Amino acid sequence: ISDCEESEAAGVICKPGPLSRLTAQTTTTTTTTTMSPLTTTTTRAIRTTLSVGQTAKPENSSAIPADASSAATKRVQQDMAPAMRIKDIIGSKGKIRLRGGRSKEEGRVEVKIGNNANDWGLICGDGWSLFEAGVVCRELKLGYAQNALQTDFFGGNRSSLALSGVKCHGSEKSLMDCLHDRFGAVSCPGNANNIATVVCASEMADLVPDHQEMMRTAHLEDRQLFFLQCAMEENCLAASAYQVQKDDPYGWHLETRRLLRFTARIANMGTADFKPFIPKHMWEWHACHMHYHSMEVFAHFDIINSLGVKVAEGHKASFCLEDNQCTHNTEPVYKCANYGDQGISVNCTDTYHHNIDCQWIDITDIDPGIYTF
């Protein structure tokens, strides 16, 4: 999925000079083997291609200092080098630590880069995500990654940056097994506070949607806006529905919307209960639906076209998070009745059936075709 616009297209401006001699050389080897009862003949053809500008020289090459040309050449070669594992640069016994946090479970990520006691470097936060943070927390035996932040809240400065472009798949046992772009004098885009930090948690909820139940219950329904007025108050329809209401203040309620309805069954497969982020006294009362919202947005639903562009979206506000079904002999804890506590216990599921308001995506404006839900 990409949110790039035409104005963000990549481009270059080239200038003839000593760097134009840095060309890529590609060798292609093709082997053809002919088998016969009497002989075996192998023909090997080798084609070498040199890029344009291989022998180009600037008109006044003597005006360019040799050391400057060498430094620029080295920088270009470094930028063009493929990503390498961190342990290939600093060794497989490299260490990491967290510093500057309010507890041992949070802080900026530091990497041991030398033999001296103070040889610790920071990681550029560009591209830093939960994949990398998860590896850090697991390696330090601090549980799971709750947040992957790019900030100087936990201290540090850009002069101490030692690694950039760190990329992990998430399954690595150590950050040393992850890839990186550059080591040493790194270039870190963004603001001065772009430092990789993590917040770990020993226990965490893990909400997993039941995609089989979504496929089983998915269906289309055409419904007049007259029956969707409460849903409109919660912004559960596409923008065109509100434009219809604005353009036709007397007959808008007779217009029809096409809805993709489905049941959302969410299981907590983690190690801690999932609870609303705000306390009960701050829950918002919705008079139209006659219930409280413990979370303004509990789930997002998107429709993606073949180009990876989001063409429709929906969201579900949580008015009732409770233990509808539990496994492994788990006793239900959370019930919404009588203004009860809300949440999803470990090994329990919360179900929003397809007949509930806002349990849909408004696809009225989508052309017929193949999409990804």
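Our structure is the block above this text.
Residues numbered from 1 in each chain as written. Predicted model: local features only at pLDDT ≥ 70, side-chain atom pairs only at ≥ 80, totals over all residues. Heavy atoms only, no water.

Asks: Any chance you could break down a nonpolar patch on the surface for me, citing the residues and the numbers?
Replies: A cluster of nonpolar side chains, F277, I278 and M282, forms an exposed patch at the surface whose accessible area comes to about 340 Å². Locating F277 in the fold gives a position in the loop between β15 (264-268) and β16 (284-286). Relative accessible area serves as the criterion here: at 66%, F277 is assigned to the exposed category. (Patch = residues over 30% accessible without salt bridge, like charges linked within 9 Å, V, L, I, M, F, W, Y side chains within 5 Å. Areas by Shrake-Rupley, 256 points an atom, 1.4 Å probe, with all protein chains shown as cover. Salt bridge = Lys/Arg side-chain N within 4 Å of Asp/Glu carboxyl O. Helix = DSSP H or I, 4+ residues; strand = E, 2+ residues; numbered from the N terminus. Buried < 20%, exposed > 50% of the residue type's maximum accessible area, 1.4 Å probe, protein only.)

Asks: Quick rundown of the sheet that holds strand β22 (residues 360-362)? Include the residues and the values.
Replies: Pairing is antiparallel across the open sheet formed by three strands, whose spatial order is β13-β14-β22. The open sheet terminates on both sides in strands that have one partner only, identified here as β13 (219-224) and β22. Direction aside, neighbouring strands of the sheet carry axes that sit 35 degrees apart on average. Across six bridges, the pairing between β13 and strand β14 (residues 256-261) is antiparallel. (Pairing = 2+ DSSP bridges. Axes fitted to C-alpha atoms, helices over the stretch in contact; angles between N-to-C directions.)

Asks: Break down the packing of aromatic side chains for me, with residues and values.
Replies: In total, this model carries 10 aromatic pairs according to the counting rule given. Pairing F226 with F227 gives two aromatic rings, centres 5.2 Å apart and planes at 90 degrees, and the pair type is edge-to-face. Considering the side-chain rings of F262 and F301, the 4.8 Å spacing of their centres and the 80 degrees angle between planes classify their relative orientation as edge-to-face. Remark: F301 occurs in strand β18 (residues 295-304) and F262 occurs in the loop between β14 and β15; sequence separation between them is 39 residues. Each of the two residues, F262 as well as F301, counts as buried. (Phe/Tyr/Trp six-rings, centres within 6.5 Å; stacked < 30°, edge-to-face > 60°.)

Asks: Go over the state of the cysteines with me, naming the residues and quoting the values.
Replies: Under the counting rule described, the total for this entry stands at seven disulfides. With a sulfur-sulfur separation of 2.1 Å, C124 is cross-linked through a disulfide to C188. Taking the sign of the S-S torsion, about 80 degrees here, the bridge from C124 to C188 comes out right-handed. Taken together, the residues span a long stretch of sequence, with C124 in the loop between β6 (120-123) and α3 (130-139) and C188 in the loop between β10 (182-183) and β11 (196-201) at a distance of 64 residues. Disulfide partner of C236: C358, at an S-S distance of 1.9 Å. Looking along the S-S bond of the C236-C358 disulfide, the torsion reads about 90 degrees, which is the right-handed sense. In this pair, C236 sits in the loop between α5 (229-233) and α6 (239-247) while C358 sits in the loop between β21 (348-352) and β22, placing the two residues 122 residues apart along the sequence. (Disulfide = S-S within 2.5 Å.)

Asks: Please set out the pattern of salt bridges residue by residue, giving values where relevant.
Replies: Summed over all chains, the structure comprises 15 salt bridges. One salt bridge connects R223 with E221, and the closest N-O pair in it is separated by 3.2 Å. A relative accessible area of 27% places R223 in the partly exposed class. The partner of R258 in a salt bridge is D222, and the shortest N-O contact between them spans 2.8 Å. Residue R258 is located in strand β14, and its partner D222 is located in strand β13; the two are separated by 36 residues in the primary sequence. Assessed through its relative accessible area of 45%, D222 is described here as partly exposed.

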